[in-house]
Each structure stands twice: as structure tokens, then as C-alpha cells.
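Remarks on the overall topology
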Amino acid sequence: MVEQRHLVQFYEDARFLSERVATFLKEALATGGAAGAIARPEHLAAICVQLERAGVDIEKVRGQGRLLLADAQMMLDTFMAEQSPNPARFVEAIGTRIRSLQRRAQHHAVHVYGEMVDLLWESGNRDGVGELEDLWTSLMHESTFRLLCGYRISAFDRDTTGFDFVCTHHDAARPTTNYAVLGGGGIQAHALALVEQRARALESEVLQRRRLEGRMHELLDVGGELAAARNRQTVAQLLVENGRRAVGAETARVWSLAPGAAELQLLAVSQSVNHPCEPDTLPLDGDSPIAHVARTGEALYIGNADEYRERYPASHELDPGHIAVAILPIVADSAIRGVLAYSYAHPRSFERIDRAFKTILARQCALALERLHLQEQDRALREAAERAASAEKQARSDVELLYELTATVARLDSVEAVYDLALQTVLRGSRADRAAILLFEPDGVLRFKASHGLSDAYRRAAEGYTPWDREEPYPAPISVGDVEADPGWASSRDVVLAEGIRALAFVPLVHRRELIGKFALYRDSPTPFAARDLQLAATVAVHVATAVERKRDARELARSLREEREARVLAEDARRARQDILSIVTHDLRNPLGTVMMGAQSLLSFDTEPERIRKIAERIQRQADRMARLITDLVDYGGIETGKLALERASHRPDAIIEATTDIFAQLAEERGLRFESRIWPDLPLVDCDSERAVQVLGNLVSNALKVTPRGGAVSIGAEPKDRDVVFYVRDTGPGIDAEDLPLLFERHWQSETSAYRHARLGLSIARGIVDAHGGRIWAESQVGAGSTFYFHLGG
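Source: prediction; values computed, not measured. (Residues numbered from 1 in each chain as written. Predicted model: local features only at pLDDT ≥ 70, side-chain atom pairs only at ≥ 80, totals over all residues. Heavy atoms only, no water.)

Counting its secondary structure elements, the protein chain contains 21 helices and 26 strands. Among the 796 residues that make up the protein chain, the fraction classed as buried is 44%. Long-range contacts, defined as pairs at least 24 residues apart, comprise 67% of the intrachain contacts of the protein chain with a sequence gap of at least 6. On the protein chain, roughly 41600 Å² of surface is accessible, and the fraction owed to carbon and sulfur atoms is 52%. (Helix = DSSP H or I, 4+ residues; strand = E, 2+ residues; numbered from the N terminus. Buried < 20%, exposed > 50% of the residue type's maximum accessible area, 1.4 Å probe, protein only. Contact = heavy atoms within 4.5 Å. Areas by Shrake-Rupley, 256 points an atom, 1.4 Å probe, with all protein chains shown as cover.)

Put into C-alpha cells, the structure is as follows:
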């Protein structure tokens with residue numbers, strides 16, 4: 001008879017198992033052999049109790065090295081590589097210990113009991129069970145020992161194939177009941193174990209079918225309710241309550257995922273949920289199992305709390321006291337629309353039929369959501385068609401309005417008539433209650449040009465307000481749906497509400513990228529202006545802006561013509577000025593030149609006395625200086641005309657300027673039989689000026705005074721304080737100047753045939769140019785027949 005070395009013990013009751021294993025191990029120990037048990041900790045404790053009852057001294061045989069006691073899970077962890085046992089590590093971990101027992105047994109029997117295959121079978125790792133059984137078989141070929149493997153019989157309730165698989169990997173199978181009293185072994189025991197397994201499987205199948213039939217009816221009921229649901233919330237509530245009961249879960253949740261969304265939204269949760277920190281949203285990129293299913297679209301089943309914590313250590317979505325979860329994607333129209341999650345208070349294997357039920361429930365939910373989505377789409381299409389028809393009708397109306405506006409604007413002559421027509425068009429087309437047109441004035445202020453329905457008080461208060469930067473090339477329309485509720489209108493709210501306005505809009509008037517004004521629309525109710533209203537107003541605004549620019553172009557043309565006429569007048573004035581200058585030069589140079597010529601002729605006479613020669617030379621010098629000053633005046637006149645008169649300013653004493661002028665003209669006044677006096681106010685402040693230019697101004701004024709004052713008259717010059725300035729003056733006793741000529745006296749092209757100063761206009765014009773360049777002022781006071789006084793100051 002072939003020895004049965006590789007045995008399998010099916011069990012359900014832990015006490016029965018410990019008795020059978022203790023008997024198996026004692027058989028070897030009693031003959032001086034060795035034994036080992038690799039089992040769950042609770043089973044190891046029970047086996048030791050049974051060995052002691054059978055008279056085995058545990059401490060003694062362990063001390064002799066003839067008894068091995070090891071934790072099955074810990075031993076598994078030493079040689080498992082993911083889902084498969086590593087042969088080399090198995091030999092190192094298990095083979096080493098078996099050979100140690102064989103050495104201690106000294107050719108006596110070695111019996112070993114193991115539950116590592118049972119742990120792998122319960123975890124669902126069938127391939128790992130087969131590989132581990134094969135490793136045990138290989139080890140038994142190398143070493144002589146008997147092996148008893150334990151399997152829980154309930155693991156094969158509905159799995160006859162698995163039961164046969166385990167039996168074929170062993171030499172003999174032992175049933176869960178001790179049939180030793182019946183006699184026989186081997187084949188009979190195997191047959192009894194098989195009959196027992198199949199009886200339990202049949203009983204379990206009947207119970208399971210009854211449960212499945214009940215759940216199927218519940219699922220059908222839920223499916224009918226889902227088909228009748230009218231909104232997403234009802235669908236979600238059915239899933240978390242009725243659906244939860246149908247799949248036997250303790251709690252349920254439904255999360256929705258909108259297309260393109262970055263987070264899941266909690267749509268419904270069962271009343272049985274007691275989670276202290278239930279979140280309303282979950283990030284789609286998070287590390288929670290809910291987010292994982294939403295991203296991948298693959299269902300997730302976690303059978304116990306250890307597995308959950310191992311896979312998702314940072315997640316806290318598991319309800320307190322619940323240790324198993326089933327999470328399924330809700331897929332509608334090939335897109336993930338949400339996640340369905342059920343949790344259980346006990347470990348769960350989630351067998352195929354259980355998963356199928358949950359998949360059906362998730363699919364029913366998806367179909368309900370897809371049906372609702374189609375209904376929503378159909379409703380949206382109908383509403384869109386209605387809106388399109390309404391928009392088409394409104395568009396036709398807008399086109400008619402704009403056509404009428406365009407045709408009428410072409411016939412209008414005044415821009416004011418265009419304003420009125422534009423307001424009427426906008427009021428009709430945008431359903432505004434009031435409207436206004438405002439334009440920028442030349443001073444940059446925005447002012448009302450036309451309005452409808454607005455009070456004078458409101459127009460005064462609102463005038464000048466613009467919501468855009470004047471330099472902005474493309475300002476956008478601005479709409480306020482409710483002035484009372486808009487915080488941006490807090491400062492102007494009282495004025496607007498007092499007018500009875502609740503909604504308003506501003507549309508820019510732009511022409512050639514220039515902001516020229518705005519269209520203002522108002523409503524008495526808080527009804528925002530639609531984009532179509534603003535578009536219509538913007539189109540009308542183009543016509544208004546064009547009309548305004550047409551008027552502006554007409555004004556510009558008129559201005560251009562006026563400037564052209566003025567330019568022609570200026571050109572004519574310039575021509576006359578040149579003639580005048582030639583006349584002045586001819587007149588003013590003739591006398592000094594004649595004097596120079598006469599003096600030269602006198603010098604040619606041999607009988608001329610030395611004293612007479614000196615006087616003639618002095619006269620020639622003075623006339624030469626006079627001609628030099630005239631030439632200087634002509635040069636300065638050109639500088640004044642071009643705005644390029646040069647100044648060298650510094651602080652100077654007024655008396656020094658007066659003395660320098662007196663030195664130049666005292667002798668000439670004496671020759672003409674005139675009294676020449678200078679008067680200076682004491683303690684005058686310094687004057688910031690170009691002193692040579694100041695002397696030039698006084699010289700021009702004195703020169704004119706000497707010309708117009710008859711012999712025996714008087715000319716005086718001086719300086720005196722006036723307000724904060726030092727005022728220089730030249731006073732004569734000449735014929736005086738007409739009152740009507742005084743304002744024009746210093747104009748470059750002024751001339752008066754009746755005035756004694758008609759030949760002095762070049763000098764006076766130059767004097768004014770020098771004074772203006774200093775930032776000062778020059779003027780004259782005169783009375784006909786009583787003389788004239790010329791004043792000037794040179795600014796700060």
C-alpha cells in the first residue's frame with residue numbers, strides 16, 4: 001500500500017480541527033519523531049491545548065527542537081512576491097525548518113500541518129494556492145515527511161471545481177466530521193468529504209438563489225422607479241435608499257461629475273450615513289477611491305478595512321464601523337457622469353453575482369440619467385428653436401428700423417434732427433423708457449445734446465460723466481441691470497433713483513477711433529439691457545457719430561477757408577511791412593547819411609579849424625552810431641518775428657541802465673535844442689534783465705521822443721517803483737497821440753498818417769518784442785497837445 005504523505009483536512013469547526021491536527025502531530029512525537037504546525041495564531045493555541053491534553057510536554061519537545069510552531073501569515077510574508085510564492089525564499093524559509101526537524105527526529109517520522117494555502121484560497125489567490133501546493137510537493141520529494149493542509153469547507157460552498165482542484169493536489173482528503181467510527185479511510189473518506197461538500201453546496205445554492213430572487217425583485221422595482229424619475233435628484237435618492245436595500249448595503253452615496261469639471265459633487269447620501277465630516281465635493285485628481293473610479297471608469301471592490309487602509313491610507317471616506325466598500329462608475333453616453341458607492345459593516349468577498357447586481361444597478365442609474373439628459377436636450381432644443389424664431393422676428397424688426405433710420409438720415413439737413421430720429425429709433429428698438437445723446441464739447445466736458453424723458457435736474461447732475469477714458473480707442477458698452485443693487489453706483493445712486501431710473505446702459509459714440517460722446521439708455525424697472533439692445537444702440541450710434549463728424553467736417557472746411565483768407569491777409573501785410581521797412585530805412589538813413597557826407601566835404605576843405613574838425617568828427621560818429629542802431633533794430637526785428645531773440649539776463653541796477661541811456665542821447669538832445677533830464681527813484685531794487693536790451697528799449701523810446709519834440713521842449717527818462725516792479729519811463733512834450741491810436745501803437749504793421757509817431761513804428765515794435773521776451777509789459781499814456789509818456793517793466 002502506497003503511503004499517503006500529502007493530506008488535506010477540510011474543517012468548519014475550530015475545535016474539531018485542533019483535535020485532528022493534534023492527533024496527527026502526536027503520532028510523530030510519540031515515536032520519537034518531530035512535528036510542526038504553521039497555522040493562524042488562534043489555531044496554534046488550540047492545537048497546543050489539545051497536545052497537552054494528549055500528554056505531550058510542549059516546552060520539553062520544543063526545547064529538544066522536535067516541535068515547530070509558526071504563524072502562517074508571517075511565514076507567507078517571508079517568501080511571497082506579490083501574488084506568487086518565490087521558490088528560493090520558500091526553500092530558505094520552510095525547507096530549512098523541515099530539514100532541522102528531520103535532523104532532530106533521527107530517522108523517525110516527521111509530521112507537518114500547514115494553513116498557508118488556506119489563507120491564499122480565502123484571499124482569492126487560486127493561482128498562488130496551486131503554486132504553493134506544488135512547492136510543498138517538491139519539498140516532500142527531497143525530504144521525507146508527511147504534510148496535512150487545512151481548508152475551510154465553507155470556502156467551497158458553491159465552488160465544486162475549486163474543491164476538485166484542491167483534492168487532486170493531495171493524496172487523500174479528510175471530511176469535516178470524524179467518520180473514523182464508520183471504518184475505512186482513503187477513498188471512503190474522500191468520497192464522504194465530496195458528498196458533504198456537495199450537500200453543503202446544494203443547500204447554499206438554494207439559499208443563495210432565494211436571496212438572489214429577492215434581490216432581483218428589488219432591483220426590478222428600483223429599475224421601474226428609476227425609469228419613472230423626473231429629475232436627477234430623484235434618481236440619486238432612489239439609488240441611496242431603495243438601491244442600497246436591494247444590494248444589502250448599510251450606507252450609500254451618489255456623486256455627480258459634470259463634463260469638464262475638476263471635482264465631484266455629492267448628489268445624495270442615504271439616511272443611514274453617520275459621517276462626522278461628510279464633504280460636499282471631492283477633487284477629481286485626489287487620491288480617494290471615489291476619485292480613482294471617476295478617473296478610470298473601473299469598478300472598485302475592497303473587502304476589508306485592512307485592504308482599504310493599505311490602498312488608500314490618506315482617505316477618510318469609509319464610514320465609522322464599515323470595513324468593505326463597492327464603488328462603481330455611472331457611465332452614460334460613453335462618458336462618466338458620476339460614481340455610486342455602497343459600504344458594508346462586515347468583510348465581504350463581492351462575488352461575481354454580487355458584482356453583477358451592483359453593475360446592473362449602476363447601469364439602470366446611467367440609463368435613467370441618459371433618459372433625463374435626452375429629455376433635457378429635447379427641451380433645450382425646443383426652447384432654442386423658440387428663441388431663434390423670436391430672435392429672427394426681432395432681427396427683422398431691427399433691420400426695418402435701421403433701414404428707416406438710414407433712409408431718413410440721408411434727407412436730414414441738421415444734426416439736431418438726426419439726434420431726434422436716433423432717440424426715437426433706439427426707444428422703439430431697445431424698449432428703453434428714456435434715452436439721451438451726449439457729446440464732448442471743445443472744453444472736454446460731456447454735455448447733453450438731445451434727450452427724451454429726463455428732467456433738467458437730472459441732466460445737470462449727470463452732465464460731464466463718462467465711464468471711459470477719452471484716449472481709449474475701442475471702448476465697450478456698459479450695462480447696469482439694477483442701479484440700486486450695484487455697489488459701483490453707490491456715489492450716484494441717490495441721483496439716479498430720484499429720477500426713477502433702475503437700469504441703464506451707455507454706448508460709446510466713436511468716429512475714426514476717437515470717442516466723441518455716448519448714447520445713454522434708461523429703464524424704470526431693474527431689467528438689464530440685452531446684448532441685442534446694445535448692438536442696436538451701437539449701430540444707431542454709428543449714424544449719430546457720422547452726422548456729428550459731418551457737421552464737424554463742415555466747420556473744419558469753413559475754418560480752413562477762413563485761415564486761408566487770413567494767410568493771404570498776413571502775406572499782404574508782410575509785403576506791406578517790407579515796403580514800410582524799406583521806407584523807414586530810406587527815411588531814417590537819409591538824414592544821418594547826409595550829415596556824414598556834409599561832414600566829409602567839410603573835412604576836405606584845407607581851411608577847416610581843428611575845433612571845427614573835432615565837432616564834425618563827433619557828428620559823424622553820432623550819425624554812424626545812429627545808423628548802427630538802425631541796423632541792429634532791423635536784425636532784432638527779424639529775431640522777434642521768428643521768436644529767436646537772445647537774452648543774457650542778470651541782476652542790474654536801474655540807475656546804471658538810465659545813466660547808460662543818458663550818455664548816448666544827452667549830446668544829441670543838446671544839439672536839437674531840447675532839455676534832457678533823468679530822474680531815478682532812490683533805493684530801487686535790482687532788475688533781472690538783459691541790460692543792453694533794456695538800454696535798447698529806452699534808446700528806441702528816447703530816439704522817437706527827440707524826433708517828435710519841438711525845439712525848446714523837454715525829454716526826460718527815469719525809473720520808479722510801481723507795485724512790486726521797477727517801471728522805466730520816457731516822457732516828452734511833443735504833440736501827443738490820438739486816443740484811438742494808443743492801443744495800436746506797438747503793433748508791427750500799425751501806421752497812422754496823422755500821427756507824429758508814424759515813422760517810429762519799427763522802433764516801438766522792437767521795443768515791445770524785447771519787453772515781451774523779458775515777460776514784461778510796455779504801454780503809453782498821452783494827451784494830444786500835451787505830450788506823451790511811455791512806460792515799461794521787465795517782469796521778475
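Let us now look at the layout of surface pockets. Of the volumes computed, that of the second largest pocket is approximately 410 Å³. Counting residues per element, the ones that place at least two in the lining of the second largest pocket are helix H4 (72-79) and helix H6 (116-122). Classifying every residue of the lining of the second largest pocket by side-chain character gives four nonpolar, five polar and two charged. (1 Å grid on protein atoms, 1.4 Å probe; cavity = no way out; pocket = protein on both sides within 12 Å on 5 of 7 lines; lining within 4 Å. Points joined across faces, edges and corners; volume = space filled by probe spheres on them. Nonpolar A, V, L, I, M, F, W, Y, C, P; charged D, E, K, R; others polar.)

Turning to the pattern of salt bridges, a few remarks are in order. Considering all chains together, one arrives at 26 salt bridges under this definition. The closest approach of N and O atoms between Arg 532 and Asp 533, which form a salt bridge, is 2.7 Å. A relative accessible area of 22% places Arg 532 in the partly exposed class. One network of salt bridges, with partners in common, ties together Arg 40, Glu 115, Asp 118, Glu 122 and Arg 152. (Salt bridge = Lys/Arg side-chain N within 4 Å of Asp/Glu carboxyl O.)

Let us look at the pairing of strand E7 (residues 146-152). Counting buried positions over the seven residues of E7 gives six, a clear majority of the element. Where strand E1 (residues 6-11) and E7 come together, six bridges link them in parallel fashion. When the bridges of E7 are listed, Gln 9 appears paired with Gly 150. Relative to E7, strand E6 (residues 110-114) runs parallel, the two being bridged by four bridges. Among the inter-strand pairings, Gly 114 is bridged to a residue of E7, identified as Cys 149. (Pairing = 2+ DSSP bridges.)

The next thing to look at is H4. Of all the residues in H4, the buried ones are Ala 72, Met 75, Leu 76 and Phe 79. For H4, the arc enclosing every buried residue in end-on projection is 105°, short of the 170-degree limit, so these residues lie on one face. Exposed positions of H4 whose direction lies more than 90 degrees from the buried face are Met 74 and Asp 77. At the N-terminal boundary of H4, the capping side chain belongs to Asp 71, with an oxygen 2.9 Å from the backbone nitrogen of Gln 73. (Arc of directions from axis to C-beta. Polar contact = N/O pair within 3.5 Å; in protein donor to acceptor, adjacent residues only side chain to side chain.)

What follows covers the sheet that holds strand E25 (residues 777-783). Taken in spatial order, the five strands make up an open sheet running E21-E23-E24-E26-E25, and their pairing is mixed. Each edge of the open sheet carries a strand with a single partner, namely strand E21 (675-680) and E25. Ignoring which end each strand starts from, the neighbouring axes of this sheet average 15° apart. When E25 meets strand E26 (residues 787-793), the two strands line up antiparallel, connected through seven bridges. Each residue of the ladder has a partner; that of Ser 782, found in E26, is Ser 788. In the packing of helix H19 (residues 654-671) onto the sheet, contacts are made with E21, strand E23 (714-722) and strand E24 (725-732), and the angle to E21 comes to roughly 175°. Strands in contact with helix H20 (residues 691-708) are E21, E23, E24 and E26; relative to E24, the strand with the most contacts, it is inclined by about 20°. (Axes fitted to C-alpha atoms, helices over the stretch in contact; angles between N-to-C directions.)

At their nearest, the axes of helix H5 (residues 87-105) and helix H7 (residues 126-142) sit 11 Å apart, and the two run at 50° to each other. The pairing of H5 with H7 is recorded here as oblique in orientation. As for how H5 packs across H7, the hand of that crossing is right-handed. Facing H5, whose interface residues are Pro 87, Phe 90, Ile 94, Gly 95 and Ile 98, H7 presents Leu 132, Leu 135, Trp 136 and Leu 139. Tallied by class, residues from the contact of H5 with H7 come to eight nonpolar, one polar and no charged. (Parallel < 35°, antiparallel > 145°, perpendicular 65-115°, else oblique. Left-handed = near helix turned anticlockwise from the far one by under 90°.)

Even without being a glycine, His 107 presents a positive backbone phi close to 70°. Take His 107: it is sitting in the loop between H5 and E6. Since its relative accessible area comes to 87%, His 107 is described here as exposed.

Read from one edge of the open sheet, five strands run E16-E15-E19-E18-E17, paired in antiparallel fashion. Where the open sheet ends on each side, the last strands, each with one partner, are strand E16 (446-452) and strand E17 (478-480). Taking the axes of each pair of neighbouring strands and ignoring which way they run, one obtains an average angle of 20° across the sheet. Judged from the nine bridges that link them, strand E18 (residues 503-511) and strand E19 (residues 514-523) form a sheet pairing that is antiparallel. When the sheet's bridge partners are listed, Ala 503 is paired in E19 with Arg 523. Each of strand E15 (434-440), E16 and E19 touches helix H14 (residues 415-430); the most contacted strand, E15, lies at about 140° to it.

Further remarks concern the packing of aromatic side chains. For any pair of aromatic rings, geometry is given as the distance between the ring centres together with the angle between the planes. The tally for this structure, following the rule as stated, stands at 17 aromatic pairs. Residues Tyr 301 and Phe 350 carry aromatic rings whose centres are separated by 5.3 Å and whose planes lie at 45° to one another, so their mutual orientation is tilted. Highlighted residues: Tyr 301 in strand E12 (residues 300-302) and Phe 350 in the loop between strand E14 (335-344) and helix H13 (352-409), separated in sequence by 49 residues. Here Tyr 301 and Phe 350 have matching classes, each one buried. Measuring from centroid to centroid gives 5.8 Å for Tyr 458 and Tyr 522, while their planes differ by 90°, and the two rings are edge-to-face. Here Tyr 522 lies in strand E19 and Tyr 458 lies in helix H15 (residues 456-462), a separation of 64 residues in the sequence. Considered together, Tyr 458 and Tyr 522 belong to a single accessibility category, that of buried residues. Aromatic ring contacts, followed pair by pair, group Phe 10, Trp 121, Tyr 151 and Phe 165 into a single cluster. Residue placement shows Lys 518 over the ring face of Phe 506; its charged tip is 4.0 Å from the ring centre. (Phe/Tyr/Trp six-rings, centres within 6.5 Å; stacked < 30°, edge-to-face > 60°. Lys NZ or Arg CZ within 6 Å of the ring centre and 35° of its normal.)

On to the environment of Gly 36. Mapped onto the fold, Gly 36 is located in strand E2 (residues 34-39). For Gly 36 and Gly 114, which are 78 residues apart along the polypeptide, the C-alpha to C-alpha distance reads 8.3 Å. What Gly 36 contacts, discounting residues up to four positions off in sequence, is Leu 25, Leu 68, Leu 101, His 111, Val 112 and Tyr 113.

In the predicted model, the protein chain carries a mean pLDDT of 81, and 78% of its residues have values of at least 70. Note on residues 178-188: pLDDT under 50 across the span, and five contacts to partners over four residues away in sequence or across chains. (pLDDT = per-residue confidence, 0-100.)

This next bit is on the packing of helix H1 (residues 14-30) against helix H2 (residues 41-53). Any two packed helices are characterised by the angle at which their axes cross and by the distance between the axes. Running from N to C, H1 and H2 cross one another at 55°; their axes reach a closest spacing of 8 Å. As far as their axial angle goes, H2 and H1 are oblique. Between H1 and H2 lies a crossing of right-handed hand. Taking contact as the criterion, the partners of Ala 14, Leu 17, Ser 18, Glu 19, Val 21, Ala 22, Leu 25 and Lys 26 in H1 are, on H2, His 43, Ala 46, Ile 47, Gln 50 and Leu 51. The residue inventory of the contact of H1 with H2, partitioned by class, reads eight nonpolar, three polar and two charged.

Moving on, we get to H5. Across its 19 residues, H5 extends 25 Å between first and last C-alpha, which sits within 8% of the 27 Å expected from 1.5 Å per residue. At Gly 95, H5 is deflected by roughly 35°, the largest bend along its length. When we look at burial in H5, the residues that qualify are Phe 90, Ala 93, Ile 94, Gly 95, Ile 98, Leu 101 and Ala 105. The N-capping residue of H5, defined by a side-chain oxygen 3.1 Å from the backbone nitrogen of Ala 88, is Asn 86. Taken from the residues just after H5, Gln 106 is the one with a positive phi, measuring 50°. (Expected span 1.5 Å × (residues − 1). Bend = angle between axes of the 7 residues up to and from the residue.)

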